[in-house]
Amino acid sequence: MILSVCVGSSCHLKGSYDVIETFKSQIDKHALADKVELRACFCLGRCSNGVSVKADDKLILNVNGANAAEKFETEIMPLVK
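Parameters and conventions
Residues numbered from 1 in each chain as written. Predicted model: local features only at pLDDT ≥ 70, side-chain atom pairs only at ≥ 80, totals over all residues. Heavy atoms only, no water. Buried < 20%, exposed > 50% of the residue type's maximum accessible area, 1.4 Å probe, protein only. Helix = DSSP H or I, 4+ residues; strand = E, 2+ residues; numbered from the N terminus. Pairing = 2+ DSSP bridges. Phe/Tyr/Trp six-rings, centres within 6.5 Å; stacked < 30°, edge-to-face > 60°. Arc of directions from axis to C-beta. Contact = heavy atoms within 4.5 Å.

## A closer look at the pairing of strand 1 (residues 2-6)
Working step 1: Counting buried residues in strand 1 gives 4 out of 5 residues, a clear majority hidden from the surface.
Working step 2: Bridge analysis of strand 1 against strand 2 (residues 37-41) gives 5 bridges, and the strand direction is parallel. Looking at the pairing, leucine 3 lines up with leucine 38 of strand 2.
Working step 3: Pairing between strand 1 and strand 3 (residues 51-55): 3 bridges, direction antiparallel. If you follow leucine 3 over to strand 3, its bridge partner there is alanine 55.

And the structure:
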C-alpha cells in the first residue's frame, strides 16, 4: 500500500508533520514496514478538509495530530493486505 500524506501549504499549516510522525509510529507498532510505503505528496485538492491522506485510491480527510492514530487504526489498517 502506498500511503501519501499531503504536505502542501494548507495541510502543512494544519499539522501534516504530526500526522506523518504518528503514521511512522503506527507502521512500526504494527510491523507494517514491508506492506506500507509512507510518502509525502503535494495537493490532493481537499485543502479545506484538514490534512488529506491517500491510502492507495482511498482519500481520507480531516486527519490531524490528535486523530491520526485513530484514523490509521480504523481507516487505513483495514486496507492493508
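## Comments concerning the packing of aromatic side chains
Working step 1: Throughout the structure, instances matching the rule amount to 1 aromatic pair.
Working step 2: Centroid distance phenylalanine 23 to phenylalanine 72: 5.5 Å. Interplanar angle 50 degrees. Geometry classified as tilted. Residue phenylalanine 23 is located in helix 2 (residues 16-29), and its partner phenylalanine 72 is located in helix 3 (residues 68-76); the two are separated by 49 residues in the primary sequence.

## Some points on helix 3
Working step 1: Among the residues of helix 3, those classed as buried are Ala68, Lys71, Phe72 and Ile76. All buried residues of helix 3 lie within an arc of 105 degrees about the axis, which places them on one face of the element. Away from the buried face of helix 3 by more than 90 degrees, exposed residues Glu70 and Thr74 are located.
Working step 2: On its buried side, helix 3 packs onto strand 1, helix 2 and strand 4 (58-63).

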